[in-house]
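# Analysis of the macromolecular model
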Amino acid sequence: MNIQLVTPAPLKINNGNKITALRWATILKTLGHRVQVRQTYDGNSCDVLIALHALRSADSIRRFHEAHPDKSLIVVLTGTDVYRDIHENKKAQRSLELATRLVALQSMALDELPKKFHGKTHVIYQSAEAVRAKAKNLNHVFNVCVIGHLRDEKDPLRTAIAVRNLPQQSRIVVTHVGQALDRRIARIAKAEVKRNPRYRWIGQLSHRQTRQLLAQSNLVAITSKMEGSSNVLSEALASGVPVVATKISGLMGTLGKRFIGYYPTGDTDKLQRLLLRAESDGKFYRELKRQCRGFARLVRPERERSAWRRLLQEIA
């Protein structure tokens, strides 16, 4: 089939949507399809349009449906779609109606969808290849990485604030990878680097460099207020690096309800205690790793590839 894949994210920025779109393009090509990735629907005829974002791609979705009402239209639901826009925005709601199929990125997203859409919704977990650390940690520090652009939905400085006043003997150091998408937060982050010796913000890296830094870390902190799913979570699970995370539906849909690494959104004190426990309590850290290894099966590339094969066969 001839497929056009629309992602509203600028392709020059390494964010989750871009990484997802390029990975899916590769998967679809290996399944024998022709794929073009665009920021908006370009008006050309294709057999299937796959659009990330019910709201941000709403105009592309509408134009494609008007031009080709008999063609298949797959709408992929992101975090802002699932946990905000489909509840209050008419454009996002219209995208749900127009879609031939919907894709959710974790199981608990279904709880947010009207039941009439459940029958046309597929849950496809985001996959990641395993990346192992090329070098061992020789600095005897406990490396915590935060990966995410500086925008409010990610609560990007929560980990930095949590490590401000740690005991002197703590070996925790936080490295934050991500581009400044909010000038106000960028100013705060620069000030935090100056005042907080345990925190460094290194800006945007290539995806390959980011994966290697993640693999070399002892822990990944995911502090989002809102997630549809998380590429960073998938990459950490694939690489065997344990995570601590906000207890939100978009992450619980992958990690389950009994995961021991949760903390309440925005609760700095509880995040700090969780980080210190991961550093100092070997039994807790081993259990955290064991639980994360158990979820790695959900993010295997062959699982995601099979899910897309089944979906496209269904609409063919």
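See the structure above.
Residues numbered from 1 in each chain as written. Predicted model: local features only at pLDDT ≥ 70, side-chain atom pairs only at ≥ 80, totals over all residues. Heavy atoms only, no water.

### A closer look at the sheet that holds strand S5 (residues 101–104)
Taking strand neighbours across the sheet as the criterion, the six strands line up as S2-S1-S3-S4-S5-S6 in an open arrangement whose pairing is parallel. The open sheet has two edge strands with one neighbour each: strand S2 (34–38) and strand S6 (121–123). Within the sheet, the average angular offset between the axes of one strand and its neighbour, ignoring direction, is 20°. Sheet analysis places S5 next to S6, joined by three bridges and oriented parallel. (Pairing = 2+ DSSP bridges. Helix = DSSP H or I, 4+ residues; strand = E, 2+ residues; numbered from the N terminus. Axes fitted to C-alpha atoms, helices over the stretch in contact; angles between N-to-C directions.)

### Describing the packing of helix H3 (residues 79–88) against helix H4 (residues 90–98)
Two numbers describe how H3 lies on H4: the axes approach to 5 Å, and their chain directions differ by 100°. On the basis of their axis angle, the class for H3 and H4 is roughly perpendicular. Each of Asp 85, Ile 86, His 87 and Glu 88 in H3 lies in contact with H4, whose residues at this interface are Lys 90, Ala 92, Gln 93 and Leu 96. The residue makeup of the contact of H3 with H4, split by class, is three nonpolar, two polar and three charged. (Parallel < 35°, antiparallel > 145°, perpendicular 65-115°, else oblique. Contact = heavy atoms within 4.5 Å. Nonpolar A, V, L, I, M, F, W, Y, C, P; charged D, E, K, R; others polar.)

### Things to note about the layout of surface pockets
Volume-wise, the largest pocket comes out at about 900 Å³. Residue lining of the largest pocket: 50 residues in total, with Asn 15, Gly 16, Asn 17, Arg 151 and Lys 154 positioned closest to the centre. Of all elements in the fold, only helix H1 (16–30), H3, strand S7 (142–147), strand S8 (172–177), helix H7 (207–215), strand S10 (219–222) and helix H8 (231–239) reach the threshold of two or more residues within the lining of the largest pocket. Grouping the constituent residues of the lining of the largest pocket by class yields 18 nonpolar, 24 polar and eight charged. Of the volumes computed, that of the second largest pocket is approximately 320 Å³. Looking at the second largest pocket, it is lined by 17 residues, and the ones nearest its centre are Ile 19, Arg 23, Ser 127, Glu 129 and His 207. Mapped by element, the contributors of at least two residues to the lining of the second largest pocket are H1, H7, H8 and helix H12 (301–315). Residue contributions to the lining of the second largest pocket peak at six residues, all from H1. Classifying every residue of the lining of the second largest pocket by side-chain character gives five nonpolar, five polar and seven charged. (1 Å grid on protein atoms, 1.4 Å probe; cavity = no way out; pocket = protein on both sides within 12 Å on 5 of 7 lines; lining within 4 Å. Points joined across faces, edges and corners; volume = space filled by probe spheres on them.)

### Describing the pattern of salt bridges
Under the counting rule described, the total for this entry stands at 15 salt bridges. Put simply, Arg 62 and Glu 66 hold a salt bridge, and the shortest N to O gap is 3.3 Å. Taken together, the residues Arg 62 and Glu 66, both in helix H2 (residues 58–67) and four residues apart, mark about one turn of the helix. With a relative accessible area of 53%, Glu 66 lands in the exposed category. With its nearest N and O atoms 3.7 Å apart, the salt bridge here joins Glu 279 to Arg 171. Here Glu 279 is found in helix H10 (residues 268–280), whereas its partner Arg 171 is found in the loop between helix H5 (158–162) and S8, with 108 residues between them in sequence. (Salt bridge = Lys/Arg side-chain N within 4 Å of Asp/Glu carboxyl O. Buried < 20%, exposed > 50% of the residue type's maximum accessible area, 1.4 Å probe, protein only.)

### What about the environment of Val 173?
Relative to the helices and strands, Val 173 resides in strand S8. A C-alpha to C-alpha distance of 6.2 Å links Val 173 and Tyr 199, two positions 26 residues apart in sequence. The residues touching Val 173, leaving out its near neighbours within four places in the chain, are Val 141, Phe 142, Asn 143, Val 144 and Arg 198.

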